[in-house]
Every structure is written in C-alpha cells, then in structure tokens.
Amino acid sequence: NSELGSKMNESYIVNMKTNEIFISSKTQWGILRALESLSQLFEYDAGDETYYLTLSEIQDEPRFSHRGLLIDSGRHFLNVKTI
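Calculation criteria
- Residues numbered from 1 in each chain as written.
- Predicted model: local features only at pLDDT ≥ 70, side-chain atom pairs only at ≥ 80, totals over all residues.
- Heavy atoms only, no water.
- Core = buried A, V, L, I, M, F, W, Y, C linked by side-chain atoms within 4.5 Å.
- Buried < 20%, exposed > 50% of the residue type's maximum accessible area, 1.4 Å probe, protein only.
- Helix = DSSP H or I, 4+ residues; strand = E, 2+ residues; numbered from the N terminus.
- Contact = heavy atoms within 4.5 Å.
- Polar contact = N/O pair within 3.5 Å; in protein donor to acceptor, adjacent residues only side chain to side chain.
- Salt bridge = Lys/Arg side-chain N within 4 Å of Asp/Glu carboxyl O.

Caption draft 1: Fine view of the nonpolar core. Counting residues in each nonpolar core, the largest one holds six residues, listed as Y12, V14, M16, A34, L38 and I58. Counting residues per element, this core draws most heavily on strand β1 (residues 12–16), which supplies three residues. Those residues within four positions of A34 in sequence are excluded, and the remaining contacts are Y12, V14 and I23.

Caption draft 2: Spatial organisation of the side chain of T27. As for its placement among the helices and strands, T27 is situated in the loop between β2 (21–24) and α1 (28–39). Reaching out from T27, the side chain makes a polar contact with the backbone oxygen of N9 at a distance of 2.5 Å.

Caption draft 3: Highlighting the pattern of salt bridges. What the rule picks out here adds up to two salt bridges. Taking the shortest distance from any N to any O, the salt bridge between D72 and R75 comes out at 2.6 Å.

All we've got here are geometric facts, nothing functional implied.
Structure follows, in structure tokens:
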C-alpha cells in the first residue's frame, strides 16, 4: 500500500455535541486514531450504571512523521546480527 510509510497522514478532528459526534480525517488511519481517542473519553457511573461522555473537541496529529521502534533487550536477547 503506497499510503503506508513515513508520509502516512494520521491527523484527525473529533467534535462532540449534545446528540452528535463528528469525526474528520483524510485517511482511515486518522479515523482509527480518532476512535481510539474517543473510546478513552467514556466514563462509567456505577451508581446509575450509565456511561458518560464529556463534550469536547479534539484536533490531533503525530508530532513526528516516523514511528519509533523499541527493542527490549532486557527480556529478549537479540544479537547484533539479528537486529
């Protein structure tokens, strides 16, 4: 897929109103990131067993155009040739 790579656009906007939630992005990757952010805003009230969502607006995009890589050499030994 030519969309993958360092130029992949993951930016998005989420706008929440009383009875509506709008998600805007140029790519499906931005939509995926928006849905993940939205899922973290739900709160559960055990007293009345109801989920709540705080109304707000989110505009987000990655700070860097590249993704990092973590090699956990403390738990998984990898020799230099493998890396």
